[in-house]
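These are the residues of each chain, in order.
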Amino acid sequence: MNLMMTVLSKLKKFFSSIKLAMVLFVLISAVSVIGTIIDQGDPLVVYKMMYGPFVFKILYYLGFLNIYHSWYFIALGGLFTVNLIVCSLDRIPKTFKIIFNPDISFPNIPSNGIKENESKKTKYYNFNSLKSPNEISSISKRIFSRKFGKHREKSGGKQFELYFSKNGIFRLSPYAVHLGIIVIIAGVILNIAYGFRSYVNIDEGLATRYSYLPSDKNRNGKQIKLPFKIRLDRYATKYYKDGMPKAYISKLSIIKKRKVIMTKSIRVNHPLAYDGLTIYQASYGHYLPSAARLVLINLTNMKSAVFNKHTVFAEPGTLYDTGINGLKFKFDFYKKPGTNGIPFYISIYKNKKRLRNINFLENRRITGARKFPLVFAVYKKRLIFIFAGVKEYYYSGLEIAKNSYTWIIWTGSIIMIISLFFSFYFNHKTIRVKIYPSESGKGTSVEILAGSHKKMVSYYKKIDETINEFKNYI
Amino acid sequence: MVHANISSLDGSLYFAVSFFLIILSFTGYVFYLLSGGKKIFAKISLAVLIGTFVLQTFAFAVRWLYSYKIGIYMPPLVDLYDSLVFFSYVVILGFILLRIFYDFDALGLIITFIAGAALAFATFSPLASSLIEPGLPALKSYWLLYHIIALFLAYGAFTASCGLGILFLIKFNKEKKFQKKANRFLNLIPSSGILDEAIYKVIIFGFLLDTVGNVIGAAWADNAWGGYWSWDPKETWALITWLTYAFFLHAKITRGWTEKRMAWIAVAGFFLLVFAYLGVDILLPGLHSYATPGTTPIL
């Protein structure tokens, strides 16, 4: 039993020390640095290639490849949290006593003044006066209460012990800072436990009900079933004049029970929130190579009532049917751009044999109001190919996150910031005064002890000024 | 050919001029120390530095207006050049403000050196370009302004604390040796007690704003990328910087930590800060990388 008590009290001492906190600051920083040097969370194959199998194994077993989730980093975080809580709980009662129920009796000062190591925290004055203790007591109350707040008093006979204290309540603000950090940690833990960051790529025009958690090992993360379907109606990248991307925009529809509930465009910095989930624009890409939109007009058949045309989305280098018996075509790019500046051409094939290449022409006159040049190619008065732009097959990479507890993190942050402000700029000011008849029998002795727990030089200067003013009165 | 960012259009010309003003001010402080504390040199240097500050304010206005004129609509706080000139700006601002409260002329030498170095890097390094280019779409947000201003004010304060720390170490080491002998260099440095207090006051200001800036950054990341924290190298180094100054604050109230050690933390903290600010971007690419825009898959 006794042993357990000793162990417990030693544990408490260990966890409540500021030195442990300082050691943890250093350790957490040191471990974090490793994670900034070695890229984190890449697929294992990449590391094997980068470092070779031997070094890879060492790094892997040390946990360096996923260091922020390693057991020792989490342990450091846990230790930090326990330290923060125990240290605060251990000190709060003492601080309460200092604020609300301080020991107001004047400490015994040795005849040769206060000790060297105390001299930085407190300043001691003593002098004699011819006025009576009673008079001096009322003068000191008048002078000191202005700068040092309300006083408490302990007097017996002709001896007065006065204790002035101002802003004492702000001694609690460092604990409030700690509270803020604990709230932040609680929010982080709740978010990790009940939230997720999942990803999904949706092709334009398609809808999905699932997203995927990233997995550190091979990116084949767990599937998450969403409470609704997301459809990507359209994806577009907007550009500045100089070609730099300005915005990546996905138009999304939320579908529930086959009904479109809402449609909204999202872009970076402007996510969509619905039903406890937030959808962010994360990336984009092509799920198929871009294709040329070619309108084919069949001239062999002009007499028919229907104007004979159809559209082909031609990927470069692939054979497509022309609609005329046996004739096929291929859309492709020149290795060097042609003379008229149009970089692509059409090849006509029959029975897998190339017959000829035809160039595109540009006619600016017939474009008229659309201000778009008409780019076309003609094959033997039988077939016209009109180039009608590029068809891009985009997918949009979405991040779907559940972060319902981030508000706790922001609440903690605000508590932390406000309390930091008060803990920095509102200092507890105290002054102790002892007034008693001189031992020599003549006049009155006055002793003053002024303290600042932050050891500030300028504070002592101000105290000096106040004391001088006080001296003038007595 | 020497690369230099000097254009009147985007305001970099005025920053280049301010660079020479800073050199002038630095020279003034050198003369101040060499002459054994002739006040006139320090006064001229301070006046030149205030002029530099005004000129840089003007240059920022020019850059900002220009960015609107060419249709980019972003405050000029986006790329490496922007951040370096803004760094020199807040460092100078910090010194001028400190100078109002303290008789810290000797600090001017260190501050003008650091501000000058940042501007020299901005003006002449091939890594930094004063061209106003649209940043990544993720930067298009009103969070940018508050995030950057809070953090850079903190950087300015931490820089000042490093300068004060250096002065403290010079003064403190010699104070004992030359106790009685008058040393004209040392007399120009305020007493170690005043320096110690100033280091503390500057660091608490920096720490408060560093905290604010990082919280804003987390909120912004949450809004733009869907996560308040991603262990991106820049974020991690911001945490390390924050922990370093948290260490300082806790050391302050722990017994046995002398002022001398505190001054060392202030100096060391600055080097960590410079790494977090520049080293990370140049050496460790990540979400915040502005040395090589457009190379990251993140939008």
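Quick caveat, the model's predicted, so the values are computed rather than measured. (Residues numbered from 1 in each chain as written. Chains lettered and ligands numbered in written order. Predicted model: local features only at pLDDT ≥ 70, side-chain atom pairs only at ≥ 80, totals over all residues.)

Enquirer: Describe the overall build of chain B, naming the residues involved and giving the relevant values.
Expert: Secondary structure summary: chain B contains 8 helices and 0 strands in total. When the helices and strands of chain B are read in sequence order from the N terminus, they spell out α-α-α-α-α-α-α-α. For 299 residues, the compact-globule formula gives about 19 Å, and the C-alpha radius of gyration of chain B, at 20 Å, lands near that figure. Sorting the 299 residues of chain B into buried and exposed places 54% on the buried side. Partitioning the intrachain contacts of chain B with sequence separation of at least 6 by distance along the chain shows that 78% fall at a separation of at least 24. (Helix = DSSP H or I, 4+ residues; strand = E, 2+ residues; numbered from the N terminus. Rg over C-alpha atoms; globule rule 2.2 N^0.38 Å. Buried ≥ 20, exposed ≤ 12 C-beta atoms within 10 Å, placed from the backbone. Contact = placed C-beta atoms within 7 Å.)

Enquirer: Go over the overall build of chain A with me, naming the residues and quoting the values.
Expert: Within chain A, the regular secondary structure consists of 8 helices and 20 strands. Expected size for 474 residues packed as a compact globule is a radius of gyration near 23 Å; at 40 Å, chain A overshoots this value by more than 25%. On the principal axes, the C-alpha backbone points of chain A span a range of 135 × 60 × 50 Å. Expressed as a percentage of the 474 residues in chain A, the buried residues total 23%. Across chain A, every contact between residues at least 6 apart in sequence was considered, and the portion connecting residues at least 24 apart equals 58%.

Enquirer: Got a sec to walk through the domain arrangement of chain B? Specific residues and values, please.
Expert: Residues and elements named next belong to chain B. Split into domains, chain B comes out as domain 1 (1-135) and domain 2 (142-299). Put simply, the middle of domain 1 and the middle of domain 2, counted by C-alpha atoms, are 20 Å apart. Residue assignment for the side of domain 1 that touches domain 2 shows that the elements contributing at least two residues are α3 (80-101) and α4 (105-124). For the side of domain 1 that touches domain 2, the leading source of residues is α3, giving 9 residues. Here the residues of the side of domain 1 that touches domain 2 sort into 19 nonpolar, 3 polar and 3 charged. (Domains from an automatic or database assignment. Nonpolar A, V, L, I, M, F, W, Y, C, P; charged D, E, K, R; others polar.)

Enquirer: Please provide a residue-by-residue account of the confidence of the model for chain B, values included.
Expert: Chain-level pLDDT for chain B is 86 on average; 91% of the residues reach the 70-or-more range. Listed scores for the predicted complex are pTM 0.86 and ipTM 0.90. (pLDDT = per-residue confidence, 0-100.)

Enquirer: Help me get a handle on the pairing of strand β3 (residues 159-166) of chain A, residues and values and all.
Expert: Along a regular strand, successive side chains alternate from one face of the sheet to the other. Residues and elements named next belong to chain A. Along β3, 6 of the 8 residues are buried, which leaves the element largely enclosed by surrounding structure. By the bridge criterion, 7 bridges tie strand β2 (residues 150-156) to β3 in an arrangement that is antiparallel. Counterpart to Gly156 in the pairing with β3 is Gln159. (Pairing = 2+ DSSP bridges.)

Enquirer: Can you break down the pairing of strand β6 (residues 223-239) of chain A residue by residue, with the values?
Expert: All names here are of chain A. Pairing analysis gives 5 bridges linking strand β5 (residues 207-212) to β6, with the strands arranged antiparallel. Along β6, the bridge assignment pairs Ala207 with Arg231. In sequence, β6 turns back onto strand β7 (residues 245-256) through a hairpin of 5 residues, with Gly243 there showing a positive phi of about 95°.

Enquirer: An account of the domain arrangement of chain A is requested, with residue identities and associated values reported.
Expert: Domain boundaries assigned for chain A yield domain 1 (2-98), domain 2 (106-167 + 427-473), domain 3 (176-287 + 395-418) and domain 4 (289-391). Distance between the C-alpha centres of domain 2 of chain A and domain 3 of chain A: 62 Å.

Enquirer: Mind laying out the interface of chain B and chain A, listing which residues take part and the relevant values?
Expert: Facing 38 residues of chain B, the contacting portion of chain A comprises 42 residues. Elements supplying a minimum of two residues to the side of chain B that touches chain A: α6 (192-224) and α7 (233-253) of chain B. Here the element with the most residues in the side of chain B that touches chain A is α6 of chain B; it accounts for 12 residues. Here the side of chain B that touches chain A is composed, by residue class, of 25 nonpolar, 9 polar and 4 charged.

Enquirer: Can you tell me about the sheet that holds strand β12 (residues 319-321) of chain A, naming the residues and giving the values?
Expert: Strand-to-strand pairing in sheets goes through backbone hydrogen bonds, with the strands running parallel or antiparallel. All names here are of chain A. Reading across the sheet, the 4 strands line up as β12-β13-β14-β15 and stay open at both edges, with antiparallel pairing between neighbours. Two strands close off the open sheet at either side, each with one partner strand: β12 and β15 (353-359). Neighbour-to-neighbour, the strand axes of the sheet open up by a mean angle of 30°, direction not taken into account. In terms of strand pairing, strand β14 (residues 344-350) meets β15 through 6 bridges, oriented antiparallel. Among the inter-strand pairings, Tyr349 is bridged to a residue of β15, identified as Arg354. (Axes fitted to C-alpha atoms, helices over the stretch in contact; angles between N-to-C directions.)

Enquirer: Can you lay out the sheet that holds strand β1 (residues 122-129) of chain A for me, pointing to particular residues and giving the numbers?
Expert: All names here are of chain A. Across the sheet, 5 strands lie side by side as β1-β20-β19-β3-β2; this open sheet has antiparallel pairing. In this open sheet, the two edge strands, each paired with only one partner strand, are β1 and β2. Direction aside, neighbouring strands of the sheet carry axes that sit 15° apart on average. On the sheet, helix α5 (residues 133-148) packs against β1, β2, β3, β19 (429-437) and β20 (444-451) and is oriented at approximately 175° with respect to β19. Relative to the sheet, helix α8 (residues 457-473) contacts β1 and β20, its axis offset from that of β1 by approximately 10°.

Enquirer: Describe in detail the nonpolar core, supporting the description with residues and values.
Expert: Of all hydrophobic cores here, the largest spans 130 residues; its most connected members are Leu164, Ile199 and Ile203 of chain B. Per-element accounting of this core gives the leading share, 19 residues, to α6 of chain B. Those residues in contact with Ile203 of chain B that sit more than four places away from it in its chain are Ala157, Ser161, Tyr245, Phe248 and Ala266 of chain B. Membership of the second largest hydrophobic core comes to 19 residues, among which are Ile143, Phe164, Ile463 and Phe470 of chain A. (Core = buried A, V, L, I, M, F, W, Y, C linked by C-beta atoms within 7 Å.)

Enquirer: With reference to specific residues and values, describe unusual backbone geometry.
Expert: It is generally the case that most residues other than glycine have a negative phi and that most peptide bonds are trans. Residues and elements named next belong to chain A. In this structure, Arg258 takes a positive phi of about 65° despite not being glycine. Along the chain, Arg258 turns up in the loop between β7 and β8 (259-266). Since 6 C-beta atoms lie within 10 Å of it, Arg258 is described here as exposed. Backbone geometry at Lys380 places phi at a positive 50°, although glycine is not the residue there. Mapped onto the secondary structure, Lys380 falls in the loop between β17 (374-379) and β18 (383-402).

Enquirer: Any details on helix α4 (residues 71-100) of chain A? Residues and values, ideally.
Expert: The terminal C-alpha atoms of α4 of chain A lie 43 Å apart, and with 30 residues this matches the ideal 44 Å at 1.5 Å per residue to within 8%. If you look at α4 of chain A, its biggest bend is around 30°, right at Ile92 of chain A, and the proline Pro93 of chain A turns up within four residues after that. (Expected span 1.5 Å × (residues − 1). Bend = angle between axes of the 7 residues up to and from the residue.)

Enquirer: I'd like a description of the environment of Gly276 of chain A, backed by residues and values.
Expert: Residue and element names in this part refer to chain A. With respect to the helices and strands, Gly276 occurs in the loop between β9 (272-274) and β10 (277-298). Counting along the chain gives 127 residues from Gly276 to Asn403, while the straight-line C-alpha distance between them is 7.8 Å. Apart from the residues within four sequence positions on either side, Gly276 is in contact with Lys402 and Ser404.

Enquirer: Tell me about the packing of α6 of chain B against helix α8 (residues 259-283) of chain B, and please be specific about residues and values.
Expert: All names here are of chain B. Across the interface, α6 lies against α8 with an axial gap of 11 Å and an inter-helix angle of 45°. Between α6 and α8, the angle is such that the two are oblique. The handedness of the crossing between α6 and α8 comes out as left-handed. Where α6 abuts α8, its residues Ser192, Asp196, Ile199 and Ile203 lie against Glu259, Met262, Ala263 and Ala266. (Parallel < 35°, antiparallel > 145°, perpendicular 65-115°, else oblique. Left-handed = near helix turned anticlockwise from the far one by under 90°.)

Enquirer: Tell me about the confidence of the model for chain A, and please be specific about residues and values.
Expert: When pLDDT is averaged along chain A, the result is 86, and 92% of the positions lie at 70 or above. Element-level mean pLDDT values for chain A span from 79 in strand β16 (residues 361-363) of chain A up to 96 in helix α7 (residues 406-425) of chain A.

Enquirer: Mind laying out the environment of Ser111 of chain A, listing which residues take part and the relevant values?
Expert: On the secondary structure map, Ser111 of chain A appears in the loop between α4 and β1. Judged by the 4 C-beta atoms lying within 10 Å of it, Ser111 of chain A falls in the exposed class.

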